[in-house]
Amino acid sequence: MIVGTQPVTVRAAAKVNLHLGVGAPRDDGFHPLTTVYQAVGLCDDVTAHHDDELSVELGGTDWIDLASVAADEDNLAHRAAVLLGRHHGRDLAARLVVEKAIPVAGGLAGGSADAAAALVALDRLHDLRTSDDDLLRLAAELGSDVPFSLIGGTALGTGRGEIVEPVADVGTWWWVIVPDRDGLSTPEVYRHFDRLFPDADPTPPSAEALLSALRTGQPVSLARSLHNDLQEPAIDLRPDLGRLIDHGESEGALRGLVSGSGPTVVFLCESADHSRDLAGALMRSGSPVVLVANGAVAGAHVVPDHV
Ligand code: ATP
């Protein structure tokens, strides 16, 4: 192996918001959040190859809507490369191959995962040795969820979600994830939140109950504490999501929840076996894509000896 010429592959996970408390919009237009993120085992890979210029190529599983993702300078992986280059005062050339398994515009922060993975992959490819603090700061410039995609695990997010701090989480949590073929726009869901809750408190609801439940390691406790302030606006825009949650719970899920701004719905289960049983039941009743994943998993990390 010739050191320094090999491509670098970095894997980054989807997130589920176990608690998403939303406050009234701030003066800068952002909504203040108190959120608890969990990284789950549904991942995109970004491979950075040495090249003479910066480019992005997209691939992914057949049910991913790649047509709605830009493969140019608007791609979040591309934007990450430009920002990291600017930080180091140079242009970063690379061919970035983004292999997507995280549904697009699904409320699972797939674009943020790609941005985080691109930051780490390019840092390694060009041996830039960017400090963790600088990577987190650049990540926050790219998007509210990107710092969490870097650190992974389970973390409390404040500010607009970009200030992240790992939290105690003693459990292994099993999720059934049901993506939807039609994405839901995050800004549109926030606008609908503002319409539904014009008198929202500027301080978002606290995550204390959820944080206590995480420390028990008990799925039943966690199920009782899951909370998402964007669920009502998302279901108001897409009533079928509410029906899917009811159906999953009638099939035995401990709790169904819209993930972030939706339209992905996640179901918390008791165990690995329980999640496989529920996934089978949902597939038999017509959901075309049903995934099983556990959390918490690692943040953006290099995949060793990737070929
Ligand atoms: P959010 O982080 O706002 O919850 P999301 O998970 O709902 O986002 P994403 O998959 O991150 O949705 O996509 C949001 C938008 O970002 C889409 O409109 C998409 O076209 C754009 N986008 C840019 N780059 C990427 C990328 N690498 N992967 C996915 N989407 C991207």
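Scroll up for the structure.
Residues numbered from 1 in each chain as written. Predicted model: local features only at pLDDT ≥ 70, side-chain atom pairs only at ≥ 80, totals over all residues. Heavy atoms only, no water.

J.: Explain the site of the ligand residue by residue, including any values.
T.: Near the ligand, the surroundings consist of 19 residues, among which Ala105, Gly107, Ala109, Gly111 and Asp114 are the closest. One of the backbone N or O atoms of Leu108 is found 3.1 Å from an oxygen atom in the ligand. Burial of the ligand by the surrounding chains reaches 77%, relative to a free accessible area of 610 Å². The site holding the ligand turns out to be the largest pocket. When residues in the shell around the ligand are grouped by element, the largest group, four residues, is from helix H2 (residues 110-125). Looking at the shell around the ligand, its residues break down into seven nonpolar, eight polar and four charged. (Near = heavy atom within 4 Å. Polar contact = N/O pair within 3.5 Å; in protein donor to acceptor, adjacent residues only side chain to side chain. Areas by Shrake-Rupley, 256 points an atom, 1.4 Å probe, with all protein chains shown as cover. 1 Å grid on protein atoms, 1.4 Å probe; cavity = no way out; pocket = protein on both sides within 12 Å on 5 of 7 lines; lining within 4 Å. Sits in = over half its atoms within 2 Å of the grid points. Helix = DSSP H or I, 4+ residues; strand = E, 2+ residues; numbered from the N terminus. Nonpolar A, V, L, I, M, F, W, Y, C, P; charged D, E, K, R; others polar.)

J.: Please provide a residue-by-residue account of the layout of surface pockets, values included.
T.: There is about 1,100 Å³ of room inside the largest pocket. For the largest pocket, the lining is made up of 45 residues, of which Leu76, Ser112, Asp145, Thr186 and Pro187 are closest to its centre. Of all the secondary structure elements, the ones that give two or more residues to the lining of the largest pocket are strand E1 (8-22), strand E2 (33-49), helix H1 (76-87), strand E4 (94-100), H2 and helix H5 (186-196). In terms of residue count, the dominant contributor to the lining of the largest pocket is H5 (five residues). The residue inventory of the lining of the largest pocket, partitioned by class, reads 20 nonpolar, 16 polar and nine charged. (Points joined across faces, edges and corners; volume = space filled by probe spheres on them.)

J.: Describe the packing of H1 against H2, with residues and values.
T.: At a minimum axis separation of 8 Å, H1 and H2 run at an interaxial angle of 40 degrees. Put simply, H1 runs oblique to H2. Once H1 is placed against H2, the crossing between them reads as right-handed. Between H1 and H2, the contacting residues are Leu76, Ala77, Ala80, Ala81 and Leu84 on the first element and Gly111, Ser112, Asp114, Ala115, Ala118, Leu119, Leu122 and Asp123 on the second. Looking at the contact of H1 with H2, its residues break down into nine nonpolar, two polar and two charged. (Axes fitted to C-alpha atoms, helices over the stretch in contact; angles between N-to-C directions. Parallel < 35°, antiparallel > 145°, perpendicular 65-115°, else oblique. Left-handed = near helix turned anticlockwise from the far one by under 90°. Contact = heavy atoms within 4.5 Å.)

J.: Quick rundown of the nonpolar core? Include the residues and the values.
T.: Leu96, Trp175 and Ile177 are the most contacted members of the largest nonpolar core, which totals 60 residues. It is H2 that provides the largest number of residues to this core, a total of 10 residues. Setting aside its immediate chain neighbours within four residues, Leu96 contacts Val46, Thr47, Ala48, Leu54, Ser55, Val56, Glu57, Ala77, His78, Ala81, Ala118 and Leu122. Counting 25 residues, the second largest nonpolar core, distinct from the first, contains Val22, Val176, Val178 and Val265. (Core = buried A, V, L, I, M, F, W, Y, C linked by side-chain atoms within 4.5 Å. Buried < 20%, exposed > 50% of the residue type's maximum accessible area, 1.4 Å probe, protein only.)

J.: Outline H2, supporting the account with residue identities and numerical values.
T.: Across its 16 residues, H2 extends 22 Å between first and last C-alpha, which sits within 8% of the 22 Å expected from 1.5 Å per residue. Most of H2 is tucked away: 14 of the 16 residues are buried. A positive backbone phi angle near 50 degrees is found at Asp127, which sits one or two residues after H2. (Expected span 1.5 Å × (residues − 1).)

J.: Describe unusual backbone geometry, naming the residues involved and giving the relevant values.
T.: The step from Gly262 to Pro263 runs through a cis peptide bond, and the omega angle for that step is 5 degrees. Looking at the secondary structure, you find Pro263 in the loop between strand E9 (255-258) and strand E10 (265-269). A cis amide bond links Gly295 to the next residue, Ala296, at an omega of 5 degrees. A positive phi angle is found at Asp127, which is not glycine, with a value near 50 degrees. Within the fold, Asp127 resides in the loop between H2 and helix H3 (132-142). Take Asp127: its relative accessible area is 49%, and that puts it in the partly exposed class.

J.: Before we move on, could you go through the packing of H1 against H3 and cite the residues and values that matter?
T.: Running from N to C, H1 and H3 point in directions that differ by 135 degrees, and their axes come no closer than 10 Å. Classed by the angle they form, the pair H1 and H3 counts as oblique. As H1 packs across H3, the resulting crossing turns out to be right-handed. In this structure, H1 contributes Leu76, Arg79, Ala80, Leu83, Leu84 and His87 to the contact, and H3 contributes Asp134, Leu135, Arg137, Leu138, Glu141 and Leu142. The residue makeup of the contact of H1 with H3, split by class, is seven nonpolar, one polar and four charged.

J.: Tell me about the packing of aromatic side chains, and please be specific about residues and values.
T.: Taken as a whole and judged by the stated rule, the model has two aromatic pairs. Geometrically, the ring pair formed by Phe193 and Phe197 is tilted, given 5.1 Å between the ring centres and 50 degrees between the ring planes. Among the residues examined, Phe197 registers a relative accessible area of 28% and is labelled partly exposed. We note Arg160 situated over the ring of Phe30; from NZ or CZ to the ring centre the distance is 5.0 Å. (Phe/Tyr/Trp six-rings, centres within 6.5 Å; stacked < 30°, edge-to-face > 60°. Lys NZ or Arg CZ within 6 Å of the ring centre and 35° of its normal.)

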